[in-house]
Amino acid sequence: MIEFVFILILIMLLVRHLFFWKARTFNINIPKFMAHRGMKIESPENTIESFKEAIKHGFKGVELDIILTKDGELICSHNYDLERETNGQGWIHKINLNELDKIKTGIYSHPNNSQALPTFLEILSEIPSNIFLNIEIKTLSLFDLSTTKSLIKLIKSEQIKHSFIISTFNPIVVGYFRLFSPSVSIGYLIEDITWLWTAHLFHPDYLHPRADLVDQDIFGMCKRHNLTLNVWTVNTIPAIRWCKKNHISGIITDKGGRTCHAAIV
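As a starting point, this report considers the structure included with it. Here the structure is a predicted model, which means the values were calculated and not measured. (Residues numbered from 1 in each chain as written. Predicted model: local features only at pLDDT ≥ 70, side-chain atom pairs only at ≥ 80, totals over all residues. Heavy atoms only, no water.)

1. Structural notes on the packing of helix 4 (residues 146-156) against helix 5 (residues 171-180)
At a minimum axis separation of 11 Å, helix 4 and helix 5 run at an interaxial angle of 35°. When the axes of helix 4 and helix 5 are compared, the crossing they make is right-handed. For the pair formed by helix 4 and helix 5, the contact residues are T148, K149, L151, I152, I155 and K156 on the first element and V173, Y176, F177 and F180 on the second. Per-class residue counts for the contact of helix 4 with helix 5 are seven nonpolar, one polar and two charged. (Axes fitted to C-alpha atoms, helices over the stretch in contact; angles between N-to-C directions. Helix = DSSP H or I, 4+ residues; strand = E, 2+ residues; numbered from the N terminus. Left-handed = near helix turned anticlockwise from the far one by under 90°. Contact = heavy atoms within 4.5 Å. Nonpolar A, V, L, I, M, F, W, Y, C, P; charged D, E, K, R; others polar.)

What follows is the structure, encoded as structure tokens:
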């Protein structure tokens, strides 16, 4: 009898965890528009200049990517492999910070204005503290928590003066933040709808699907679980207006900030 009651309680707790959870509510003023890896007309993505360019064009928030170097420094980059966008070779996570000093990014996208790979601390120093940061953690595998742990240490040391949220495609990272840094808001990026079920396991505070994935099922899920919806990457005026019509909270875009605001007037 005791065993039966115990199993019944476990089942009830599991059902509650999977189906009756609610996202936490944070008092964070997320801007309507966030510049995707900065604004990249004049400067390469994920550089100090691209973020300054976004601010110049009216953005109040920027989205950026971070990766950990071999010696434990956070670098702002979307890619682990240096060959994709830089004049370097190898992998960021296998290289020490001092080896990245002479490497320039944007050699293909902005050959006449290539830029240094900035550290995350440099970003925090150069970007005004009133600018909102959407910080995406990159991972090599499902259980790669190296960048996550380093960022949590930085957060706990109170070196981030900006308002911010964390974003990740990795559901394990979502769960890790919920367990070990519960005061930090965490958004779950979705590119493949088949991964959506994992949100019911790890309970993100925000849902960040690719814009074309958003349908009535996702709207219904967000309503049931009190999830704030931020979408990426919304790059046409009709799409921006659709987001406004459907009361989507945050829009991550490559368009200019003033263009975005003009689209919803």
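2. Regarding the pairing of strand 2 (residues 61-68)
Taking burial as the measure, the eight residues of strand 2 include eight buried ones, the bulk of the element. In strand 2, alternate side chains face the same way, and those of G61, E63, D65 and I67 on one face and V62, L64, I66 and L68 on the other are all buried. When strand 1 (residues 33-36) meets strand 2, the two strands line up parallel, connected through two bridges. Residue pairing in the sheet places A35 in a bridge with V62 of strand 2. In terms of handedness, the path from strand 1 via helix 2 (residues 48-56) over to strand 2 forms a crossover that is right-handed. Bridge count between strand 2 and strand 6 (residues 132-137): six bridges; the pairing is parallel. Looking at strand 6, one finds that L64 is bridged to I135. Bridge count for strand 2 against strand 3 (residues 74-76) is three bridges, and the pairing is antiparallel. Bridging from a neighbouring strand, I67 pairs with I75 of strand 3. Once strand 2 ends, the chain turns through five residues before running back antiparallel as strand 3, passing G72 with a positive phi of about 85°. (Buried < 20%, exposed > 50% of the residue type's maximum accessible area, 1.4 Å probe, protein only. Pairing = 2+ DSSP bridges. Right-handed = clockwise from strand over helix to strand, strands pointing away.)

3. Quick word on helix 7 (residues 216-225)
Every buried residue of helix 7 is listed here: I218, F219, M221, C222 and H225. End-on, the buried residues of helix 7 take up no more than an arc of 160°, which puts them together on one face. Of the exposed residues in helix 7, the ones pointing more than 90 degrees away from its buried face are Q216, D217, K223 and R224. Its side-chain oxygen placed 3.1 Å from the backbone nitrogen of D217, D215 serves as the N-cap of helix 7. Once helix 7 finishes, N226 follows within two positions and takes phi at roughly 60°, a positive value. (Arc of directions from axis to C-beta. Polar contact = N/O pair within 3.5 Å; in protein donor to acceptor, adjacent residues only side chain to side chain.)

4. Quick notes on the pattern of salt bridges
Taken as a whole, this structure holds eight salt bridges when the rule is applied. D254 is the partner of K40 in a salt bridge, and the nearest nitrogen-oxygen pair spans 2.6 Å. With K40 in the loop between strand 1 and helix 2 and D254 in the loop between strand 11 (250-253) and helix 9 (257-263), this pair connects stretches of sequence that are 214 residues apart. Judged by relative accessible area, which is 23%, K40 ranks as partly exposed. Overlapping salt bridges bring together R37, E45 and D65 as one network. (Salt bridge = Lys/Arg side-chain N within 4 Å of Asp/Glu carboxyl O.)

5. So, the pairing of strand 10 (residues 228-231)
Where strand 9 (residues 206-209) meets strand 10, two bridges bridge the pair, whose relative direction is parallel. What sits directly across from L207, in strand 10, is L229. For the segment spanning strand 9, helix 7 and strand 10, crossover handedness is right-handed.

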